[in-house]
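# Structural overview
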Amino acid sequence: RLWNGLSGRCLHVFDGHHDWVTALAFSVDGTSLATCSNDCTVRVWNPMTGKKVGVYQEHKADVNCLAFSGSLLASSSQDRSVRIVDVNAHAVMHCLSGHRDNVPFVGYIGGHHDQAYALGDPSATAVLISCCDDQIIRLWDIHTGDLLESLLGHKAGILAWDATEDAELLATADKSGAVFIWKLNDKKSRRRDSCAIL
């Protein structure tokens, strides 16, 4: 459901998923709303009209998380993959494989891509992060689908992550209670023996 935050009135009901809806995300410009579900689908809606504009059925298991960068929508799943689709072109761009377990979280690193998108550059950020229950954090180029780097060191599945707006620092937390701080601009600090462990 989409609500008016001031009046509390329900504006639209987005009906179509056949199981739990696990995550949702607005595009930066607000013209698209994406939802994902345990029915293995990702659906894209027009939030102004409530109409469905796309359905993506590439995942083979529950879909966990969504993230937009411009018109590129990333989704992660229990099928051990991340998919990137272009919602404007209605096209699947990449399947990011290599994860050895469930991928609960996906997102984009670099806080300036929202502002750059507003200025007309939808490809301002090119790095996507996937956090996996196989204890590995992976960084990807969203335009080529290439794996840029795997960050090793966690001894349990990754539960949360965040990065500074300038993409200098990345924090990751796992199920054992450990929090790692990685300096993304310093290759040496991305080794487990030299990153900060809280």
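What comes next is a walk through the structure. Note that the structure is a prediction, hence the values are computed from the model and not measured.

Next up on the list: the pairing of strand 13 (residues 137–141). In terms of burial, strand 13 is largely enclosed, as 5 of its 5 residues are buried. Alternating residues of strand 13 divide into Ile137, Leu139 and Asp141 and Arg138 and Trp140, and every residue in both groups is buried. Linking strand 12 (residues 127–131) back to strand 13 in an antiparallel pair, the connection comprises 5 residues, with Gln135 at a positive phi of about 80°. Bridging between strand 13 and strand 14 (residues 147–151) involves 4 bridges; their strand directions are antiparallel. Within strand 14, the residue paired with Arg138 across the bridge is Ser150.

Before going further, it helps to examine the side chain of Ser27. The topology assignment puts Ser27 in the loop between strand 3 (21–26) and strand 4 (33–37). Within the structure, the side chain of Ser27 is placed 2.8 Å from the side chain of Asp29, a separation counted as a polar contact. At a separation of 3.3 Å, a polar atom in the side chain of Ser27 contacts the main-chain amide nitrogen of Thr31. Each residue touching Ser27, except ones within four places of it in the same chain, is listed here: Ser32, Phe68 and Gly70.

What the rule picks out here adds up to 1 cavity of 30 Å³ or more. Approximately 60 Å³ is the volume attributed to the largest cavity. For the largest cavity, the full set of lining residues is Val42, Tyr56, Glu58, His59, Leu73, Ser75, Arg83, Ile84 and Val85. If you list the elements that add at least two residues to the lining of the largest cavity, you get strand 8 (72–77) and strand 9 (82–86). A total of 3 residues in the lining of the largest cavity trace back to one element, the largest contributor, which is strand 9. Classifying every residue of the lining of the largest cavity by side-chain character gives 5 nonpolar, 2 polar and 2 charged.

Here Gly153 lies in the loop between strand 14 and strand 15 (158–163). Judged by relative accessible area, Gly153 falls into the buried class, the value being 10%. Taking the C-alpha atoms as reference points, Gly153 and Phe180, separated by 27 residues in sequence, lie 8.5 Å from one another.

A separate point is unusual backbone geometry. Backbone geometry places His90, a non-glycine residue, at a positive phi of 55°. Within the fold, His90 resides in the loop between strand 9 and strand 10 (91–96). The phi torsion at Gln135 lies on the positive side, around 80°, for a residue other than glycine. For Gln135, the position within the fold is in the loop between strand 12 and strand 13.

Cut-offs and rules
- Residues numbered from 1 in each chain as written.
- Predicted model: local features only at pLDDT ≥ 70, side-chain atom pairs only at ≥ 80, totals over all residues.
- Heavy atoms only, no water.
- Buried < 20%, exposed > 50% of the residue type's maximum accessible area, 1.4 Å probe, protein only.
- Helix = DSSP H or I, 4+ residues; strand = E, 2+ residues; numbered from the N terminus.
- Pairing = 2+ DSSP bridges.
- Polar contact = N/O pair within 3.5 Å; in protein donor to acceptor, adjacent residues only side chain to side chain.
- Contact = heavy atoms within 4.5 Å.
- 1 Å grid on protein atoms, 1.4 Å probe; cavity = no way out; pocket = protein on both sides within 12 Å on 5 of 7 lines; lining within 4 Å.
- Points joined across faces, edges and corners; volume = space filled by probe spheres on them.
- Nonpolar A, V, L, I, M, F, W, Y, C, P; charged D, E, K, R; others polar.

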